[in-house]
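Understanding the architecture of this molecule
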Amino acid sequence: YSFKAIRDALKTISDTYAASLMFLNLAGITPYFLTYEQFLEDPRGETAKLASYLGVDGVHVNTKKLRMEKQASDINQEFRKRFLRDFRAGG
């Protein structure tokens, strides 16, 4: 666990996300938001929604070929709690 490394990574992610949204907005592109967890929960439904957003119909997902499993573990929750505690303390 490294508070500084996590904080710096989150800042980089946040800055990159903001810059990406600004670029897309300037280019007139409306992004489609889909999280890994949403896709993991309903790969067929989420693929159909994305395909529809892109103007494509009749997309099929062979879920037997998907190799998906939740990536988070108990350590994610432990680090999250520690980080939030340290952040609130002025980290």
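One structure accompanies this document, and this report is about it. (Residues numbered from 1 in each chain as written. Predicted model: local features only at pLDDT ≥ 70, side-chain atom pairs only at ≥ 80, totals over all residues. Heavy atoms only, no water.)

1. Quick word on a nonpolar patch on the surface
A surface patch of nonpolar side chains, amounting to about 360 Å² of accessible area, comprises Tyr53, Leu54, Val56 and Val59. As for its placement among the helices and strands, valine 59 is situated in the loop between helix H3 (43-53) and helix H4 (74-88). The class for valine 59 is partly exposed, based on a relative accessible area of 40%. (Patch = residues over 30% accessible without salt bridge, like charges linked within 9 Å, V, L, I, M, F, W, Y side chains within 5 Å. Areas by Shrake-Rupley, 256 points an atom, 1.4 Å probe, with all protein chains shown as cover. Salt bridge = Lys/Arg side-chain N within 4 Å of Asp/Glu carboxyl O. Helix = DSSP H or I, 4+ residues; strand = E, 2+ residues; numbered from the N terminus. Buried < 20%, exposed > 50% of the residue type's maximum accessible area, 1.4 Å probe, protein only.)

2. Describing the pattern of salt bridges
This structure, assessed with the given rule, holds 6 salt bridges. The partner of aspartate 15 in a salt bridge is lysine 11, and the shortest N-O contact between them spans 2.8 Å. Note that aspartate 15 and lysine 11 are positioned in helix H1 (residues 3-26) at a spacing of 4 residues, about one turn of the helix. Taking relative accessible area as the criterion, aspartate 15 reaches 42% and is therefore assigned partly exposed. For arginine 85, the salt bridge is made with aspartate 86, and the minimal N-O distance between the two is 3.3 Å. One network of salt bridges, with partners in common, ties together Lys4, Arg7 and Asp8.

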